[in-house]
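Chain and residue survey
Read off the chains here:
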Amino acid sequence: MEPEKPYCFVHVPKTGGTSVRMHLPNSTGHKRLSRVAESKLKGRFTFAFVRNPFERLVSAYEYLKGGGRTLGEKRLGNEIPDTFPKFVFNLKQYIDRSVHLKPMCYYLDKEVDFIGRYENIQNDFNHVCEAINYPITTMVHINETDYGDWREYYSMTQLVKIVESYYKDDLDRFEYKF
């Protein structure tokens, strides 16, 4: 992280963070906020973006199945089931093996000044820019995963229930629903 920047971006995976970092590179990376030195946060505007956990999981699944960006992600992508339902039924064995599958609350284990939403990313990014006195720019979507309508992946009610159980804290804290 660059100490002279007036902000600190908490990069929660699969929430549009790569796009945010293209404009505002001072990031914690994929780290829990509690593991960032207080000296790196003191006096800075801290922010993060979140995303509907149901859509985020579909995005992570397709990202990993597509090979990801690292050798570890490629290996995991080769191991996970070929269908989303089988993946969700076996989510327990994968959830701790990828930064993309961990709950958002894992990263946001301390309060930040602002939480933006992926679903409103440009407007919320504009708010961040105003808060840190940075010129407002149009965001370019980087690292986009193509999967169509995420709701179609949840063909069984049981899948929704499983995801609700794993991401309960995210759903409650950030007020998301299926």
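One numbering rule holds for all chains: residues counted from 1, following each sequence as written. At least 70 in pLDDT is required for a residue's local features to be given in this predicted model, at least 80 for side-chain atom pairs to be given and counted, and no such filter applies to totals for whole chains, interfaces and linings, which use all residues. Each side-chain value is derived from all of the structure's non-hydrogen atoms; neither hydrogens nor water enter the calculation.

Secondary structure assignment for the protein yields nine helices and three strands. The atom set for the radius of gyration is the C-alpha atoms, and the globule formula is 2.2 Å times the number of residues raised to the power 0.38. In terms of C-alpha radius of gyration, the protein reaches 16 Å, essentially the compact-globule figure of 16 Å for 178 residues. Here, residues are in contact when the closest pair of their heavy atoms is within 4.5 Å. Within the protein, counting contacts between residues at least 6 apart in sequence, those at least 24 apart form 72% of the total. Here the protein has roughly 9,300 Å² of accessible surface; of this, 47% comes from carbon and sulfur atoms. The convention is simple: Lys and Arg are positive, Asp and Glu are negative, and His and the chain ends are not counted. Note on charges: their place is set at NZ of Lys, CZ of Arg, CG of Asp or CD of Glu. One finds the centroid of the 26 positive side-chain charges in the protein at a distance of 6 Å from the centroid of its 24 negative side-chain charges. A run of H or I in DSSP counts as a helix once it spans at least four residues, and a run of E counts as a strand once it spans at least two, with each numbered from the N terminus. Note on areas: Shrake-Rupley, 1.4 Å probe, and residue coverage restricted to the protein chains presented here.

By convention in these notes, a salt bridge is any Lys or Arg side-chain nitrogen within 4 Å of a carboxyl oxygen on Asp or Glu. One pass over the structure, following the stated rule, counts ten salt bridges. Note that D82 is salt-bridged to K65, the shortest N-O span being 3.0 Å. A residue pair is termed long-range when its members are at least 10 positions apart, and D82 in the loop between α4 (71–79) and α5 (84–89) and K65 in helix α3 (residues 53–65) qualify at 17 residues. Classification of residues uses two cut-offs on accessible area relative to the type maximum, computed with a 1.4 Å probe and protein chains only: under 20% is buried, over 50% is exposed, and between them is partly exposed. Note on D82: relative accessible area 66%, which makes it exposed.

Looking now at unusual backbone geometry. Peptide bonds are, in most cases, trans, and in most cases residues other than glycine have a negative phi. Phi angles above zero are rare outside glycine, and K14 is one such case at about 65 degrees. Here K14 is to be found in the loop between β1 (7–10) and α1 (17–23). Taking relative accessible area as the criterion, K14 reaches 9% and is therefore assigned buried.

As a further point, take the nonpolar core. Inside soluble globular proteins, nonpolar side chains tend to come together where they are buried. For this analysis, a nonpolar core means a set of buried residues of the types Ala, Val, Leu, Ile, Met, Phe, Trp, Tyr and Cys, connected via side-chain atoms within 4.5 Å. Counting residues in each nonpolar core, the largest one holds 41 residues, and the members touching the most others are L57, F84, F87, V88, L101, L108 and Y154. Those elements that place two or more of their residues in this core are β1, β2 (45–50), α3, α5, α6 (104–107) and α8 (157–166). With seven residues, the single largest contributor to this core is α3. Other than its neighbours up to four places away in sequence, L57 contacts F84, F87, V88, L91, L101, Y154, V163 and Y167. Of all hydrophobic cores here, the second largest spans 14 residues; its members include F9, F47, F125 and M139.

Turning our attention to the packing of aromatic side chains. Two descriptors summarise a pair of aromatic rings, namely the distance from one centre to the other and the angle between the planes of the rings. Any two rings among Phe, Tyr and Trp, with Trp reduced to its six-membered ring, count as a pair given centres within 6.5 Å; such a pair is stacked if its planes are under 30 degrees apart, edge-to-face if over 60, and tilted if neither. On inspection of all chains with the given rule, the structure shows 18 aromatic pairs. Residues F54 and Y154 carry aromatic rings whose centres are separated by 5.4 Å and whose planes lie at 85 degrees to one another, so their mutual orientation is edge-to-face. Placement of F54 in helix α3 and of Y154 in the loop between α7 (121–131) and α8 is noted, with a sequence separation of 100 residues between them. For F54, a relative accessible area of 0% puts it in the buried group. On the basis of relative accessibility, which here comes to 7%, the residue Y154 falls in the buried class. By way of ring pairs, the aromatic residues F54, Y61, F84, F87, Y94, W150, Y153, Y154 and F178 are connected into one cluster. As a reminder, the over-ring test applies to NZ of lysine and CZ of arginine, requiring each to be within 6 Å of the ring centre and within 35 degrees of the ring normal. Across the ring face of Y176, the terminal group of R117 is positioned such that the distance to the ring centre comes to 4.5 Å.

A covalent bond bridging the sulfur atoms of two cysteines is what the word disulfide describes. Pairs of cysteine sulfur atoms within 2.5 Å are what we label disulfides. In the structure shown here, the tally under the stated rule is zero disulfides. As a non-bridged cysteine, C105 has C8 as the owner of its nearest cysteine sulfur, 18 Å distant. Among the residues examined, C105 registers a relative accessible area of 16% and is labelled buried. Here C129 stays unpaired: no disulfide links it, and the sulfur of C8, its closest cysteine neighbor, is 15 Å away. Assessed through its relative accessible area of 0%, C129 is described here as buried.

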